[in-house]
Amino acid sequence: AQSVSQHNHHVILSEAASLELGCNYSYGGTVNLFWYVQYPGQHLQLLLKYFSGDPLVKGIKGFEAEFIKSKFSFNLRKPSVQWSDTAEYFCAVKFRAGTASKLTFGTGTRLQVTL
Amino acid sequence: EPEVTQTPSHQVTQMGQEVILRCVPISNHLYFYWYRQILGQKVEFLVSFYNNEISEKSEIFDDQFSVERPDGSNFTLKIRSTKLEDSAMYFCASGADLTDTQYFGPGTRLTVL
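The structure displayed is predicted, hence computed values, not measured ones.

Q: I'd like a rundown of the sheet that holds strand β8 (residues 75–79) of chain B, residues and numbers included.
A: Residues and elements named next belong to chain B. Strand order in the open sheet formed by four strands is β1-β3-β8-β7, and the pairing between neighbours is antiparallel. The open sheet has two edge strands, β1 (5–7) and β7 (65–68), and neither has a second partner. Taken over all neighbouring pairs, the strand axes of this sheet differ in orientation by 20 degrees on average, direction set aside. Where β7 and β8 come together, four bridges link them in antiparallel fashion. Each bridged residue has a counterpart across the sheet, and for S66 the counterpart in β8 is K78.

Q: With reference to specific residues and values, describe the interface of chain B and chain A.
A: Counting from both sides, the interface comprises 17 residues of chain B and, opposite them, 22 residues of chain A. When chain B packs against chain A, close to 1800 Å² is buried across both sides, 56% of that on carbon and sulfur atoms. By the criterion of area lost to chain A, the three top residues of chain B are K42, L98 and F104 of chain B, representing 30% of everything that side buries. Joining chain B to chain A, the criterion identifies zero salt bridges. Across the chain B-chain A interface, the total number found is eight residue pairs in polar contact (both at pLDDT 80 or more).

Q: Go over the pattern of salt bridges, please, and point to the residues and values.
A: The final tally for this structure, using the stated rule, is seven salt bridges over all chains. Two residues, R36 of chain B and E44 of chain B, come together in a salt bridge whose shortest N-O distance is 3.4 Å. Among the residues examined, R36 of chain B registers a relative accessible area of 9% and is labelled buried. Members of the salt-bridge network, linked through shared partners, are K58, E64, E66 and R77 of chain A.

Cut-offs applied
- Residues numbered from 1 in each chain as written.
- Chains lettered and ligands numbered in written order.
- Predicted model: local features only at pLDDT ≥ 70, side-chain atom pairs only at ≥ 80, totals over all residues.
- Heavy atoms only, no water.
- Pairing = 2+ DSSP bridges.
- Helix = DSSP H or I, 4+ residues; strand = E, 2+ residues; numbered from the N terminus.
- Axes fitted to C-alpha atoms, helices over the stretch in contact; angles between N-to-C directions.
- Contact = heavy atoms within 4.5 Å.
- Buried area = accessible area lost by both parts, 1.4 Å probe.
- Salt bridge = Lys/Arg side-chain N within 4 Å of Asp/Glu carboxyl O.
- Polar contact = N/O pair within 3.5 Å; in protein donor to acceptor, adjacent residues only side chain to side chain.
- Buried < 20%, exposed > 50% of the residue type's maximum accessible area, 1.4 Å probe, protein only.

Here is the structure:
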């Protein structure tokens, strides 16, 4: 079955530390990949996305992610986190099959950045 | 920047009552979605809607649920007879085409007592 997994459920980092959040999916076909962020009390916002081309994609607020097809992974990175990055981060995958367009989400990673 | 809006932000209802959650998608978008997130769990797909009909639905979306686009701007989710387990945050999303990014609204928190 198609699924998305995020292995880090809760991450605590100090400001200026580097961040990497893992995302893996299970599906042998074409995928579109997304990272969404949900700041406290706010709605889901798109951080970045990968459809095709360069597997290293850059998003807003200094985030980037790398698609490694052989590992079925799309990990999110940021070289130096800020306190304002405290939020919940969701990996989402669109499994491209026919006219299917739904997103399948991972369980989310709660990032807490301390001063 | 255009946004998806949802009303109400919080709905409290008694078990067995009908609720209608409303969404206004981004105006030039053609694909519409409902997702829900039960507290502490992942965001789950409910239904997608295109060209005035359901294009895909999950096993969660049973006969108690229905969606409608009653006019050119609103997109609604109706739960006919709410159950305790329907308590969740319900998110509406819209996209310009099948492969496009989905843009999410702020959500409606539904509490069933």
